[in-house]
Amino acid sequence: MLRMYRGLLQLYPAAYRREFMEEMLRVFEQAQKDLVGLPFTARAAFYVREIAGLLAGAAHQHLATILEVDFCPVRSRDMKPQYRFPRSTVGLMLVILAGVLLAIEQAKGIQVKYAPGGHVSAVWSTLPQFATWVLALVCLAGFAGWAILFALGRSGVQRLSNLSTEVVAEIKR
Amino acid sequence: MKALPLSEPVLLVLLSLSDRPRHGYSILKDVEQISRGRVVLSTGTLYGALHRLLAQAWIERYGQGDGSRDSRAYRLTSRGRQNLQWEIARMKDLARLASLRLAHKEA
């Protein structure tokens, strides 16, 4: 297990590894010793937690280095409500997708009825794949937009804009 | 200045270091103890938090006399202690407000 842990640590940026790798290995070894005598579920939970922690930590360190944005800051997030991606949007998107699929199903019957010779080339078999791609692209675009707004929010652009509004109001008074 | 709440791992790590300097393993165990087993940090999460706190100069390394990385301990800086005190004051204020509101509702 220690070998696997060491392997996962390789996912971290080199500078981070230089600073913390030996120390993390040592702490992991000590924590692993505490597992002796514990039930299988507790040991499994420990390993799952450790692996998830390393994967998330490595991804975070790389993103923080590349984007220069700390996604897990010391303080909780200060996102403006207008920058938040509401969870209800996912539900709304699914409802819209269901509506579109229902409309297509209804249209299919109409097409068959009025098509010359009663023959229509079937598109239904490729539709789920197409719809999945469209949904994935929409989600990706949404996430990219959210990330840009998040980065702007974190960089203080919003606060500067508020500040300038306040200054203008002060001058007008 | 409007101080935002600290994230829970950070708060617990700071609390753990508030009485004395500790090594990584000691922090891990102490966080579990002070949260009564509710929060069990992984080493990845712990060192992520320590990395950020070192970058903010809220904690510092302590006792590296022999130069060994294994013997590294961490301790709060005055800046870290001040931020922890602000956070505790904020939580106290919130708890007081919540108690008042609940008492008002029950009356």
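Some thoughts on the overall build of chain B
Phase 1: Within chain B, the regular secondary structure consists of four helices and two strands.
Phase 2: Mapped in sequence order, the helices and strands of chain B form the string α-α-α-β-β-α.
Phase 3: Nonlocal contacts in chain B, meaning residues at least 24 apart in sequence, comprise 46% of its contacts between residues at least 6 apart.

A look at the nonpolar core
Phase 1: Val10(B), Val13(B), Leu28(B), Leu46(B), Leu50(B), Leu53(B) and Ile59(B) are the most contacted members of the largest nonpolar core, which totals 30 residues.
Phase 2: Broken down by secondary-structure element, the contributors of at least two residues to this core are helix H2 (14-33) and helix H3 (40-67) of chain A together with helix H1 (8-17), helix H2 (24-34), helix H3 (43-55) and strand E2 (73-76) of chain B.
Phase 3: Not counting residues within four places of it along the chain, the set of residues in contact with Leu46(B) comprises Gly24(B), Ile27(B), Leu28(B) and Leu41(B).

Looking at the interface of chain B and chain A
Phase 1: Listed per partner, the contact involves 22 residues of chain B and 23 residues of chain A.
Phase 2: Of all the secondary structure elements, the ones that give two or more residues to the side of chain B that touches chain A are H2 and H3 of chain B.
Phase 3: Among the elements that take part in the side of chain B that touches chain A, H3(B) stands out by supplying eight residues, more than any other.
Phase 4: Residue composition of the side of chain B that touches chain A, grouped by class: nine nonpolar, nine polar and four charged.

As for the environment of Gly63(B)
Residue and element names in this part refer to chain B.
Phase 1: Mapping Gly63 onto the fold places it in the loop between strand E1 (59-62) and E2.
Phase 2: With 12 C-beta atoms counted inside 10 Å, the residue Gly63 sits in the exposed group.
Phase 3: Separated by ten residues in sequence, Gly63 and Ala73 place their C-alpha atoms 6.3 Å apart.

Remarks on the packing of H3(A) against H3(B)
Phase 1: Packing of H3(A) against H3(B) brings their axes to within 7 Å, and their N-to-C directions diverge by 35°. Counted together, Glu50(A), Gly53(A), Leu54(A), Ala56(A), Gly57(A) and His60(A) of H3(A) and Thr43(B), Gly44(B), Thr45(B) and Gly48(B) of H3(B) form the full contact between these two elements.
Phase 2: By residue class, the composition of the contact of H3(A) with H3(B) is two nonpolar, seven polar and one charged.

Some thoughts on the confidence of the model for chain A
Phase 1: Mean pLDDT for chain A: 78, with 67% of residues reaching 70 or above.
Phase 2: Per-element averaging of pLDDT across chain A places helix H6 (residues 157-172) of chain A at the bottom with 56 and H2(A) at the top with 92.

The rules behind these values
- Residues numbered from 1 in each chain as written.
- Chains lettered and ligands numbered in written order.
- Predicted model: local features only at pLDDT ≥ 70, side-chain atom pairs only at ≥ 80, totals over all residues.
- Helix = DSSP H or I, 4+ residues; strand = E, 2+ residues; numbered from the N terminus.
- Contact = placed C-beta atoms within 7 Å.
- Core = buried A, V, L, I, M, F, W, Y, C linked by C-beta atoms within 7 Å.
- Buried ≥ 20, exposed ≤ 12 C-beta atoms within 10 Å, placed from the backbone.
- Nonpolar A, V, L, I, M, F, W, Y, C, P; charged D, E, K, R; others polar.
- Axes fitted to C-alpha atoms, helices over the stretch in contact; angles between N-to-C directions.
- pLDDT = per-residue confidence, 0-100.

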